[in-house]
Amino acid sequence: MPPVSIYCSPERYVQGAGATAALGEQMALLKMRGPVLIVAERGREFVPRDEWAATLGPAGYEFFFHGFNGECSQQEIDAIAAQIKARACGAVVGSGGGKTIDAARAAAYLAGAEFVSMPTAASCDAPCSALSVVYTESGAFSKYMRYPRHPTLVVVDTAVVARGPKRLLVAGLGDALATWYEARTVAEARADNFFGGKPTVTGTGLALLCRDILVADGAEAAAAMDTHSVTPALERVVEANTLLSGLGFESGGLCVAHACHNGLTCLEATHRYLHGEKVAFGLCTQMVLEGRPREETDTVLTFCEKVGLPTTLAEVGVDSGDADAVMQVAERTCQKGETSHNEPFEVTARMVADAIAAADRLGTLHRDKAWP
Ligand SMILES: [Zn+2]
C-alpha cells in the first residue's frame, strides 16, 4: 500500500438523555436485520427489559439476552458467538462497559452479525472503535482484535450514563485526555494509525478538540455525576470521552500512554484499576519520556488531580520502591509490536522504567505543591 492517510468512523452516532428509546427506529432506518442479541452484564442490566421491548418491539425486532460474564476473554467471545449463530441473529447490541462492548463486537464479527454499541458509561473509547481488547481469563492484556468495519450504530443514553458511578466517567476522562497527546506524537513521528495508514488532519484535529472539551468541561461534568444530573457540560464530555476519543485514538494513533497501560496490566495488583486510570498514569509517563515542556505536563497533572485521576504508581496499585515490578512494566511497554514504538525516537525498557519512576515522583511533588 502507498503511504496513504486513513480516517474511519461508525456509520451513525446518536446521543442524548433517553436515547435508548430511539434504538429500534434507528436500527430500522439503517435496515439492520433481526433477531437481536443483547449482550449485557449478568445481573447488572442497566436498561430494564421493558425499555428494550418498548423500542425494539414497535420496530419489529425479536430479541434475546446474553449475560456477559465480566471478562472480554476468548472463551466468552466464543460463547456469545455460539448464541448468535444458534438464534440466527442479524444484529448484536453490546450494552455495558468497554469489556462488554468489546466482547459483543468480537462475537458479532466472528458470527457475521451487524453490531450496535450502547455504552452505559463514558468510561473508555471502546464504543466507537473497530477493535476489541482481549484479556486472559485472569484479566491480563492478551491481544487486540481488529475489524474491517466499525459499529453500524452507536447509541449513548446520557440518562443511563448519569445514573452510573462517577468513577467510570472519570476513568473515561483519563483515556480521552491521552488521545491528543498520543495522536500528536504519532503525527509528529509520521507513524501509522490503527488502520496502517498515516493520520489525517481530521483524526488528529478531533483528538485536539477532545482535549479542549475535557480541559474546559471535565471537572464540571465530573461534579454533575455527584448528583446524577444530565447537564450540557456532561453531554459535551460524554461525547468527547466516547466519540472524539474513539475517533481520535484510532485515526490519530496511540503511543506510550496506552503501551504503558498494557505494561501495567502485567501486574496483578493493577487489575482493580480501570483502563482510563492506568492510561492516565501512562500519559504522565509519556510526558516525562518525551521531555515535554513543564507547562504541558502541568496541564496534565493539574487536570488529573482536579478530577481524581492517578498520577502516581501507588494510585494504580504499584509499589514505587519495587524496581523489579517497574522494570517488568517497562519491558512489557516496549514489547515488539507495541504502540510505544510510534515515538519519533527509539524507546527502550530502561528509558521507560526511568520515565515511570520520574513521573511517579513528579506526581507526588505536584500533588504536594512541591514541584521545584
Ligand atoms: Zn484507551
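Calculation rules
All residue numbers refer to positions counted from 1 along the written sequence of the respective chain. This being a predicted model, a pLDDT of at least 70 is required before a residue's local features are given, and a value of 80 or more before pairs of side-chain atoms are given or counted; all residues contribute to the totals for chains, interfaces and linings. Side-chain measures were taken over the full set of non-hydrogen atoms in the model, leaving aside hydrogen atoms and water. Numbering of helices and strands runs from the N terminus, with a helix taken as a DSSP run of H or I at least four residues long and a strand as a DSSP run of E at least two residues long. Burial classes follow relative accessibility: with a 1.4 Å probe on protein chains only, a residue under 20% of its type's maximum area counts as buried, one over 50% as exposed, and anything between as partly exposed. Throughout, a residue-residue contact means that at least one pair of heavy atoms, one from each residue, lies within 4.5 Å. The accessible surface values rely on the Shrake-Rupley method and a 1.4 Å probe; as for residues, cover is taken only from the protein chains in view. When charges are counted, neither His nor the chain ends are considered; positive counts come from Lys and Arg and negative counts from Asp and Glu. Here the site of a charge means NZ on Lys, CZ on Arg, CG on Asp, or CD on Glu. Where each domain starts and ends follows an automatic or database-derived domain assignment. As a working definition, buried area equals the accessible area (1.4 Å probe) given up by two parts on being put together, with both sides summed. Just to be clear on terms, a salt bridge is a Lys or Arg side-chain nitrogen sitting within 4 Å of an Asp or Glu carboxyl oxygen. We define a polar contact as two N or O atoms separated by no more than 3.5 Å, with the added condition that, inside protein, one atom must be a possible hydrogen donor and the other a possible acceptor, whereas residues neighbouring each other in sequence contribute only through side-chain atom pairs. Listed donors are limited to N, O and S atoms within 2.8 Å of the metal, widened to 3.2 Å for Na, K and Ca; water is not among them, so incomplete-looking sites are possible. Angular values range over 0 to 180 degrees, each being the angle between N-to-C directions of two axes fitted as lines to C-alpha atoms, with helices fitted over their stretch in contact. If an angle is under 35 degrees, it is roughly parallel; if it is over 145, roughly antiparallel; if it lies from 65 to 115, roughly perpendicular; otherwise it is oblique. Less than a right angle of anticlockwise turn of the near helix away from the far helix marks a crossing as left-handed, whereas a clockwise turn marks it as right-handed. In this classification, the charged set is Asp, Glu, Lys and Arg, the nonpolar set is Ala, Val, Leu, Ile, Met, Phe, Trp, Tyr, Cys and Pro, and all remaining amino acids, among them Gly, are polar. Whether two strands pair comes down to DSSP finding at least two bridges between them. Centres within 6.5 Å make a pair out of two Phe, Tyr or Trp rings, where for Trp the six-membered ring is used; the pair is then stacked when the planes are under 30 degrees apart, edge-to-face when over 60, and tilted otherwise.

(A) Geometry of the overall build of the protein. A tally of regular secondary structure across the protein gives 13 helices and eight strands. With respect to the principal axes defined by its C-alpha atoms, the protein has extents near 65 × 45 × 40 Å. Evaluated residue by residue, the protein yields a buried proportion of 59% over its 372 residues. In the protein, 78% of the contacts between residues at least 6 apart in sequence involve partners at least 24 apart. Only carbon and sulfur atoms are counted for the fraction: they give 53% of the accessible area of the protein, which is about 14,300 Å². Taking the 32 positively charged and 44 negatively charged side chains of the protein as two groups, their mean positions are separated by 3 Å.

(B) Geometry of the domain arrangement of the protein. Domain boundaries in the protein define domain 1 (12–163) and domain 2 (255–367). The C-alpha centroid of domain 2 is placed 31 Å from the C-alpha centroid of domain 1. If you sort the residues of domain 1 by the area they bury against domain 2, Tyr 135, Phe 141 and Tyr 144 come out on top, with a joint share of 53%. Here domain 1 is connected to domain 2 by zero salt bridges. Our enumeration of links across domain 1 and domain 2 arrives at two residue pairs in polar contact (both at pLDDT 80 or more).

(C) Looking closely at the coordination of the zinc ion. In this structure, Asp 175 (OD), His 258 (NE2) and His 275 (NE2) serve as the protein donors to the zinc ion, at separations of 2.1 to 2.2 Å. You can call His 275 partly exposed: its relative accessible area is 22%.

(D) Layout of the side chain of Glu 343. When you line up the elements, Glu 343 lands in the loop between helix 12 (323–333) and helix 13 (349–367). No salt bridge forms around the buried Glu 343; measuring N to O, its nearest opposite-charge neighbour Arg 292 is 6.0 Å away. Apart from the residues lying within four places of it in its own chain, the contact partners of Glu 343 are Thr 185, Ala 189, Cys 255, Val 256, Gln 286 and Glu 290.

(E) Focus on the packing of helix 7 (residues 201–226) against helix 11 (residues 294–307). Relative orientation of the contacting elements helix 7 and helix 11 amounts to 20°, with a least axis distance of 9 Å. Judged by the inter-axis angle, helix 7 sits roughly parallel to helix 11. In the crossing of helix 7 with helix 11, the sense of the turn from one axis to the other is left-handed. Across from Leu 214, Val 215, Gly 218 and Ala 219 in helix 7, the residues of helix 11 making contact are Phe 303, Lys 306 and Val 307. The class makeup of the residues in the contact of helix 7 with helix 11 is five nonpolar, one polar and one charged.

(F) Looking closely at the pattern of salt bridges. According to the stated counting rule, one finds 13 salt bridges in the structure shown. A salt bridge links Glu 71 to Lys 99; the nearest nitrogen and oxygen atoms lie 2.8 Å apart. You can see Glu 71 sitting in the loop between strand 3 (63–68) and helix 3 (74–86) and its partner Lys 99 sitting in helix 4 (residues 98–111), a full 28 residues away along the chain. Judged by its relative accessible area of 13%, Glu 71 falls in the buried class. Residue Asp 368 is joined to Arg 367 by a salt bridge in which the shortest nitrogen-to-oxygen separation is 3.7 Å. A relative accessible area of 40% means that Arg 367 is categorised as partly exposed.

(G) Just the sheet that holds strand 1 (residues 12–16), in detail. Strand order in this open sheet of six strands is 1-8-5-4-2-3, and the pairing throughout is parallel. Pairing within the sheet leaves two strands with one partner each, and these edge strands are strand 1 and strand 3. When the angles between neighbouring strand axes are averaged without regard to direction, this sheet yields 15°. Pairing between strand 2 (residues 36–41) and strand 4 (residues 91–96): five bridges, direction parallel. What sits directly across from Val 36, in strand 4, is Ala 91. Strand contacts of helix 2 (residues 49–56): strand 2, strand 3, strand 4 and strand 5 (114–119), with the helix running at about 140° to strand 3, the strand carrying the most contacts.

(H) Highlighting the packing of aromatic side chains. Following the criterion strictly, the structure yields four aromatic pairs and no others. Ring centres of Tyr 109 and Tyr 147 lie 5.0 Å apart, and the angle between their planes is 50°; on these two criteria the pair is classed as tilted. Within this pair, whereas Tyr 109 is found in helix 4, its partner Tyr 147 is found in the loop between strand 7 (141–146) and strand 8 (153–157), the two being separated by 38 residues in sequence. By relative accessible area, which is 43% here, Tyr 109 ends up partly exposed. Measuring from ring centre to ring centre gives 5.7 Å for Tyr 144 and Phe 194, while their planes differ by 85°; the resulting arrangement is edge-to-face. Here Tyr 144 is found in strand 7, whereas its partner Phe 194 is found in the loop between helix 6 (166–189) and helix 7, with 50 residues between them in sequence. Note on Tyr 144: relative accessible area 22%, which makes it partly exposed. Relative accessible area serves as the criterion here: at 9%, Phe 194 is assigned to the buried category.

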